[in-house]
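Listed here are the chains, written in short residue letters.
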Amino acid sequence: ARTLRLVESSQQMIRIVGLSATLPNYVDVALFLRVNPQTGLFFFGAEYRPVPLKQTFVGVTSRKEKPKEGAKPGVAPKAVPQQFLMLEIAYDKTVAALRNGKQVMVFVHARNETLRTARGLIELARTRGHEELFAPKPEHPRFALATRELAKCRNGELRTLAAGGLGTHHAGMLRPERSMMERLFGEGMLNVLVSTATLAWGVNLPAHTVIIKGTQVYDAQRGAFTDVGVLDVQQIFGRAGRPQFDTDGGEGIIITTHAKLASYLSMLVTQTPIESKLVSMLCDHLGAEVALGTVTSVREAVVWLSYTYLYVRMCRNPLAYGIPFEQTTHDPRLATWRAELVQAMARRLDECRMVRYHPPSGSLDPTELGRIASHFYLSVQTVEAFSEQWHERASEADILHTLCSASEFANMKVREEEMEEMEELLAACPLTVKASLSEKEGKASVLTQAYISGTPLKSAALMSDCAFIAQSASRIARGLFAIALAKSWVSYAEKVLKLSKMLERRVWWNTCPLRQFGGLPQDIYQKLEAKRYVSAARIEALREMGVRELGQLVSNQRQAAALRAEAAALPALAIEVSAQPITRTVLRVTLRLTAAFEWRERVHGGSESWWIWVEDSDTEHIYHKELWTLSRRQADEVQELTFTTPLFEPLPPAYYVRAFSDRWLGVETVVPLPLSGLALPSVRPTHTELLPLRPLPKSALGDPSFERLFRFSHFNPVQTQIFHTVMHTDVNVLVGAPTGSGKTVTAELAVMRMLREQPGMKAVYIAPLKALVRERMADWRAKFVEGLGLRMQELTGDVTPDGRALASAHILATTPEKWDGVSRHWQQRGYVRQVGLVIIDEIHLLGEERGPILEVIVSRMRYMAERMGAPVRIVGLSTAMANASDLADWLGIPHDSIFNFKPSVRPVPLEVHIAGFPGQHYCPRMAAMNKPAYRAITVHSPGKPALVFVSSRRQTRLTALDLIAYCSADERESQFLAVPLSDLEPELAGVRDPALRHTLAFGIGIHHAGLEEPDRVLVERLFLRQAILVLVCTSTLAWGVNFPAHLVVVKGTEYFDGKTKRYVDFPVTDVLQMMGRAGRPQYDDKAVAVILVHEPKKTFYKKFLYEPFPVESCLHEQLHNHINAEVVGGTIRSKQDAVDFLSWTYFYRRLLQNPAYYHCTEPTDDGFNRHLSSLVEATLADLEAAGCVGLAADGLGVEPLPLGQVASHYYLQYTTVALFHAELHDVDEPPIALPELLRILAEASEFDELPVRHNEEHVNAALAGTLPWPVDERALDSPHVKAQLLLQAHFAGATLPMSDYVTDLKSVLDQALRVLQAMVDIAADAGWLHSALGAMHLTQMVSQGRFLDGPQLSHLPGIDGPAEAALAACGLRYLPQLIHADARELTRTLSRHVQPKLLADLNALLVSLPATTLVAEPPPHAVAVGAECAFGVTVGATNPRMRRSAHAPAFPKARAGGWWLVLGEGEELFALKRVTAPASARAPPLKTELLLCAPEEPGTYTYDVYLVSDSYIGLDQLTTVTLVVV
């Protein structure tokens, strides 16, 4: 039924093929399977059997023994047991078949019965002299081989039987023995095979005669003997007759008791219809469907029932299901009866708290208990039994008793003959048995403990019962553990997890944990247990012992090394814990986890999992729990895990962080988290009240040119309240208000104030995302550029204008990184000193990863303003914050200029719904959210636009496809399409992304950064004009494009972090930003946001989506680069200067307010000073070790070093320049190969953030196989290896595997040139000529997108294979030859191969490419030893004009071409200079000098002077110059 519904909902065909023995009501089954009766139904009766079957039914009754001769008269003969009679009859039938040369299979119903029957048959043959009939024939061609094979068999009983021509077969035998029996019987070596019924189902091994000896089979679930089912009999009879041998038919014989004879006759001859048994399990299955999310109401459950076989049969035969016949007359579809049945089941599930049933609406919502029961296959009866018995303080014995009360063991019977053995087992039980042996709980408890202990059992029935318990107990225990975790019961969860692992490992918790390996003799473990090596701490002591010491400990030197290996391989975690209070009620906990054991693939597999939870030992409550997985690749690195837990005042002395292995007993780590000395942040007033002011008309601006910029007539309440402060004063302003409340107008008013009062100054708008900058550019270009005639420049990674353009602009729109790089050199850049207004949008992102850059920018601008004595106005725009006053103190904002409104102050009121979803694994959890997302759209936003935010590009596609499936299931395919499809089709034809083209036809768009620009623009336009009503997008849309909607669904709050290789949470600010897109002021009177989260995080989001979030600083985590920049800039010249610099930062303000968050243990003035000093000391020590700064002899002064200057100039991480300096080879080593240089480039820290998405390591492996240069195949999930692969693919012109990789390549290329230029400077500073030239060649390759030795001319317009061959025939193989070639000759050569337009483009390009001349001159006179001298260098141009930007079609952005002048000798570089070549032959040549310190020895020296392009391959020049030293 589930599969049939999936086919309908997903519109993906799943073919169902049903195979069966002959069914009496096959038409009903076909109807259930949705089979087309004309083409898909095939029914063949018994008459179609390929070999006719003769069926014999034998009924056995007891009979008396015949009196023996000479027996005393009057002595009554004994009754012959039925089992012996059945054996005799089976023997007679077997002999009859053997006499006809046929093989026989005898089926019995217990494993030990196979041997007993085989022995009985042999014994009867011996007694009656029929041994020759059974024995194998020596003339058989395989007789000798089979004899040898049998001689190797370890099972003596099997060898004896096989020698007599008999074999046995059952599931308890070893696989090789079973295979041997099957093979020998199939080859005819064995004439009789005694088997259990599993052979009939599992192995296709036919025989002429099949005998079923007895029909009683023990059912462990019921705990009693039951009759063999008719399906088993039919299956066994199906083995009778071999089509290729038995033309006269096969024979099936069933030997049963006389009482059962008529029953089997009627079942096999007059077959009764197969009825449904679903009603007996309907409660469980309904609960599973609700937990799965496929049934959410009684109405849906009634529809679900119509897909079942139960529905088909109850319509056919209602009386069999207790339905009055008259009900079928007025309700032929039985909708009422189905509804009543569902409601009864729903009420029962609701009483068990497995679903939430709301009778008035009929809604069925899953609960955590219901999901756990469904996941672990726990029945309703089991949950009912558990709920009566579990309690928080239960002991291990109580928990075992609860487990044994599960309904799975309800039918277990206690038999009298087992009691003696049970008493023996009871005496050996380590745990108290809480029930008597006469009760099924008592028996189950004893057998469970016997199973863990590995106690051998004598009784076959007990073995069967124990095996049945072993199959289910571990699963039930895991379910009980999940329930305990959901209830946050500390000790109960710990005990039941221990019990689960004991059942899985078959080891007791109080024995040595090394028993789980089982690789040593038992006496070794016993000696360790005698010396109490039974805990994690004691095993740790074993790890620290040497081999000799271990040998002495266990008195066995031979096993000492193996013992040490086992101790080293037992999993262990080392945990360091730190805590940061976010508010007085929320604590952020960071764990640093280290694998403290030796990983072995055979033992540990690919990963090990730990349960990590935070508990309060006083209240016995778990505040945080999660299953954390450590993969093999991560085992060698320290892993970080961050989460939040609640805090309650008064604070307890400590929380405890516990880590339990999910698989291994005795593997546990406990670390205290002290709270008694934790300083909580102070509580300060947070909100500005929104005053009931009359909306201000825009005429208040007092300038018609300004008024024309606004399309509205009045400012909204928020804008009205801030108007006076922003427009009529020059004080700094902070505006905190929800997204959509009109904060941008604040920035515009501030710009107008600056234009009016400070006409010569500049405004800088800083936004954290390029998309925000682009949006502001588009908006303000219409207002300020077109409306007021101002000049505006964008400064981002995509657009880098030159200094003249920046100097002439009135408004700059930029990202934090770009403005940080520009403002570092404010002393040298006049346009930076002209800035009078800085607008920082989304300033609450101070607390996120890029926050430190914002912090440094503001601190630097305020420092610059104070030094210059010219104030710089700062306007901060933010969402509502909890600690706005701290931000205001830092920004120098007076109290009356803080406008921090409540989150509820929105133009459109927002209604928020939060729903939690369980499940450890991300992808199934995301899939489970799709139906609730669809329901949210249909309930809250019918006919109105809705945004669905997801975490990844892949999820946009999957979510959109699922939404389409749900539309189809509701038969409302076009409900999200607001225009006729015919109107949309012309636009769909031009869509390049196939998934987008498909989803748009249903009114659902997808939007992410991987879409091509035309597709993205089309989706945005369709959604804005409401042609489509649903847009599934990634979180970047929340920041980048202002797309309000009536409803916002945040589907999941996690994303895959390629750096940590795990799913991590979105920052709360991102979630708030997504929610802020809900509500369209001009259309909606209310908006709705639905947040779908992982269940454990539900409480956290409930708190912070309604309360403002405090903004903390991250500067202390990224201090090195900023301190280095200030040292280079001259702001910091001593350690005290560094401490003073920190006092300007927001970090300093928050340190005073929330010291514990920044790990400051002494919240006093002296403590703060010591904390800052130690932070500065540590940072400067790291920078000194990296070679970026030098410390004075007194230890106080600080000076910049070349590496630090390079890092600051090129805006690189200090770790990158240190890496380059360490990795680039010096002159004593051979020159570096380009592949090695590329590896070093890709290792730069700038590529740390390159996303490696889930499972992309497989894509990287495939890509690596197509590229020429090798990469580290052990680290294919590393961002650095991915960067290396992307650059190689760029050089090779390879097709990238997906659009995501195209976007990733753009970001890599964006960074690569800057990093390579730094590499050149570092190599030059060290004098490494080959490394510097290699880095220059890599720069050329990045620009041109080809290998250095690749095709030279293929990047030129119109030059393909034939054209290149034609040029080669004329001797034109290289670019310089082409540049200097005669244009007419070139046209004549290529006219047959290149189109005229492309040929014209080629000629125009060749004229504009740089054709340079290089002349180097030595000093005019001989130079003294060791004196400084200068070589004169002249660079000229021979072409009439030169391009302004380099011709680099493979590079995504335009870039100006530049040149390096290099002076070197042998392997040593002496001088390097960046130059710009003359613009044309008419321009004066460039004259410059390269300085050199003359050698210490007199003589004549020859030096090489290189002119190297940073953009073109093949245009470099080399000349030599001679120097005379006297």
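Quick note: structure is the one above.
Model, not experiment: these values are computed from the prediction.

Colleague: Please explain the pattern of salt bridges as it appears in this structure.
Modeller: Oppositely charged side chains are able to pair whenever their charged atoms sit close together. Tallied over the entire structure, the rule returns 66 salt bridges. Between Asp 662 and Arg 478 there is a salt bridge; the shortest N-O distance is 2.6 Å. Placement of the pair is Asp 662 in the loop between strand S18 (654-661) and strand S19 (668-674) and Arg 478 in helix H22 (residues 460-486), with a sequence separation of 184 residues. The buried category is assigned to Asp 662, whose relative accessible area is 16%. The buried category is assigned to Arg 478, whose relative accessible area is 13%. Close ionic contact of Glu 576 with Arg 592 constitutes a salt bridge, the shortest N to O distance being 3.8 Å. One end of the pair, Glu 576, is in strand S13 (residues 573-581); the other, Arg 592, is in strand S14 (residues 586-595), with 16 residues separating them in the sequence.

Colleague: Would you mind going over the sheet that holds strand S31 (residues 1047-1051) with me for this structure?
Modeller: One key point about sheets: their strands pair by backbone hydrogen bonds, in either a parallel or an antiparallel sense. With respect to topology, 6 strands assemble into an open sheet ordered S27-S34-S31-S28-S30-S29, the strand pairing being parallel. Bordering the open sheet on either side are strand S27 (910-917) and strand S29 (1004-1007), each of which pairs with just one other strand. Neighbour to neighbour, the strand axes of the sheet diverge by 15 degrees on average, direction disregarded. Alignment of strand S28 (residues 946-950) against strand S30 (residues 1030-1034), held across 5 bridges, turns out to be parallel. Paired with Ala 946 across the strands is Val 1030, a residue of S30. Seen against the sheet, helix H40 (residues 953-969) touches S28, S29, S30 and S31 and runs at an angle of roughly 155 degrees to S30.

Colleague: What is the right way to read helix H50 (residues 1165-1185) from this model?
Modeller: Relative to the 30 Å expected for 21 residues at 1.5 Å per residue, H50 spans 30 Å between its end C-alpha atoms, a close match to the ideal helical length. Among the residues making up H50, those that are buried are Gly 1167, Phe 1168, His 1171, Leu 1172, Leu 1175, Val 1176, Thr 1179, Leu 1180 and Leu 1183. Trailing H50 by a residue or two, Gly 1187 shows a phi angle of about 80 degrees, which is positive.

Colleague: Where do I start with unusual backbone geometry in this structure?
Modeller: With omega at -5 degrees, the peptide bond leading from Glu 649 into Pro 650 counts as cis. Within the element layout of this structure, Pro 650 appears in the loop between strand S17 (639-646) and S18. Residues other than glycine seldom take positive phi values, yet Arg 353 does so here, at roughly 65 degrees.

Colleague: It is not clear to me how the sheet that holds strand S43 (residues 1517-1525) should be interpreted in this structure. Could you clarify?
Modeller: One open sheet holds the 4 strands; their spatial order is S40-S39-S42-S43, and the pairing between them is antiparallel. Every interior strand has two partners, whereas the edge strands, strand S40 (1468-1475) and S43, have only one. On average, each strand axis in the sheet is tilted by 20 degrees relative to the strand beside it, whichever way the strands run. As defined by bridge partners, strand S39 (residues 1459-1465) adjoins S40 across 7 bridges and the pair is classed as antiparallel. Residue Trp 1459 lies in a different strand from S40, and its bridge partner there is Val 1475. Set on the sheet, helix H57 (residues 1329-1344) makes contact with S39, S40 and strand S42 (1499-1509); between it and S42 the angle comes to about 20 degrees.

Cut-offs and rules
- Every chain's residues receive numbers from 1 upward, in the order its sequence appears when written.
- Where totals are concerned, whole chains, interfaces and linings use all residues; where local detail is concerned, this predicted model gives features only for residues with pLDDT of at least 70, and gives and counts side-chain atom pairs only at 80 or more.
- Calculation of side-chain values draws on the structure's entire complement of heavy atoms; hydrogens and water are dropped beforehand.
- Throughout this description, the term salt bridge denotes a Lys or Arg side-chain nitrogen within 4 Å of a carboxyl oxygen of Asp or Glu.
- To qualify as a helix, a DSSP run of H or I must reach at least 4 residues; to qualify as a strand, a run of E must reach at least 2; elements of each kind are numbered from the N terminus.
- In this scheme, a residue with accessible area under 20% of its type's maximum is buried, one over 50% is exposed, and one in between is partly exposed, where area comes from a 1.4 Å probe on protein chains only.
- Paired strands are those between which DSSP finds at least two bridges.
- Comment: axis = line fitted to C-alpha atoms, over the contacting stretch for helices; angle = value between 0 and 180 degrees taken between N-to-C directions.
- We call two residues in contact whenever any of their non-hydrogen atoms come within 4.5 Å of each other.
- Working rule for helices: expected span equals 1.5 Å times residues minus one.

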